[in-house]
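# Structural overview for review
The primary structure of each chain is shown beneath.
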Amino acid sequence: MREVGLRGAVRGRRVRTTVPADQADRPLDLVERDFSADRPNQLWVSDLTYVATWRGFVYVAFVIDVFSRRIVGWRVSNSLRTDLALDALEQALYERDTEGALTHHSDRGVQYLSIRYIERLAEAGIEPSVGSRGDSYDNALAESVIGLYKTEVIRQDGPWRGLEDVELATLEWVWWFNERRLLEPLGYLPPAEYEDAFYRRQEAQATEAALT
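Our subject in this report is the structure included herewith. This one's a predicted model, so the numbers in the text were calculated from it and none came from an experiment. (Residues numbered from 1 in each chain as written. Predicted model: local features only at pLDDT ≥ 70, side-chain atom pairs only at ≥ 80, totals over all residues. Heavy atoms only, no water.)

By the secondary structure assignment, D65 is in strand β2 (residues 56-65). Look at D65 and you get buried, because its relative accessible area is 0%. Among all residues touching D65, those that are not within four sequence positions of it are R39, P40, N41, L43, W44, R70, V72, R96 and E195. (Helix = DSSP H or I, 4+ residues; strand = E, 2+ residues; numbered from the N terminus. Buried < 20%, exposed > 50% of the residue type's maximum accessible area, 1.4 Å probe, protein only. Contact = heavy atoms within 4.5 Å.)

Written out as C-alpha cells, the structure is:
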C-alpha cells in the first residue's frame, strides 16, 4: 500500500476503556476461560464499553450472571472513573441473592482492581477473579453480551445525542434482553425464563425429596 500511495481508512478515534493495573495488585484468574455455572449467582462477569454521542463519549458498565446470561447490573456515565463499575456492581448486589459462593470475574482494568471495588466485593463475600492473559478471550462471555448490545441497539438506533438517550435505550434493551431475547446457549429461552425453569426444578426436587 505504501508503494502505490494507498492508506487505510480509519473509522475514528480509538477509545481506551481498559487501563491495566499493576501486576502485583491483581487477583488470581479463577475462571481460566471456563464460562460455565451450575446455578444462578455462582459466577458473574463484568465489563464496560463506550458509546459515541454528539456531546462526547459515554461509558456503559455491565454485570452478567454466567448461568443465564442475565444482565444483573448496569450503569451509564460520562466518566470512566471507578464509580461507573461500582454502581453497576451495587445494582447487581441489590437485585440478587448472593448468599452462596460467588465469583466475580473481570478484565485487568483499573476500575475493577481499585481498592474500593475489591473491598466492596470482600464486604459482599464475593471472590474476585481477573483474566491473566490480557486479551478478549479472558472475559469472552461479557465481551459477547456487549457485542450484542452494540449491534442490536447502539449501531442500530444511533446516532446518539447524549447520556440520557443512551441510558434510556440501555434500560429498554436490558429489559428486553433479560425477558424476551432468545439465546441459543440457553436452548432458545430468554435469561429470565431460563432461571425460572431452574428454580422450578429445584422446588420440584425438594418437594419430591420431602415426600419420599
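What follows continues from the structure just given.
Taking strand neighbours across the sheet as the criterion, the 5 strands line up as β3-β2-β1-β4-β5 in an open arrangement whose pairing is mixed. Single-partner strands in this sheet number two, and they are β3 (70-77) and β5 (126-130). Here the strands of the sheet are splayed against their neighbours by 25° on average, with no regard to which way each runs. Packed on one face of the sheet, helix α4 (residues 140-157) meets β1 (43-53), β2 and β3 and runs near 35° to β1. On the sheet, helix α5 (residues 163-179) packs against β1, β2 and β3 and is oriented at approximately 180° with respect to β3. (Pairing = 2+ DSSP bridges. Axes fitted to C-alpha atoms, helices over the stretch in contact; angles between N-to-C directions.)

Inspection of the entire model under this criterion finds 9 aromatic pairs. Seen in terms of ring centroids, W173 and F177 are 4.9 Å apart; in terms of plane orientation they differ by 35°. Their pairing is tilted. Of this pair, W173 and F177 both sit in helix α5, 4 residues apart, which is roughly one turn of the helix. An aromatic cluster is built from F62, Y149, W173 and F177, whose rings are joined through pairwise contacts. (Phe/Tyr/Trp six-rings, centres within 6.5 Å; stacked < 30°, edge-to-face > 60°.)

This paragraph deals with the pattern of salt bridges. Here the structure, examined in full by the defined rule, presents 11 salt bridges. Of the charged contacts in the structure, one is a salt bridge between D83 and R81, with a shortest N-O distance of 3.3 Å. Look at D83 and you get partly exposed, because its relative accessible area is 22%. Taking the relative accessible area as the measure of exposure, R81 reaches 47% and is therefore partly exposed. Of the charged contacts in the structure, one is a salt bridge between R120 and E123, with a shortest N-O distance of 3.5 Å. On the criterion of helical spacing, the pair formed by R120 and E123 is a turn pair, its members being 3 residues apart in helix α3 (residues 115-123). Here R120 falls in the partly exposed class, since its relative accessible area comes to 22%. Among the charged side chains, a salt-bridge network with shared partners connects D65, R70, R96, E179 and E195. (Salt bridge = Lys/Arg side-chain N within 4 Å of Asp/Glu carboxyl O.)

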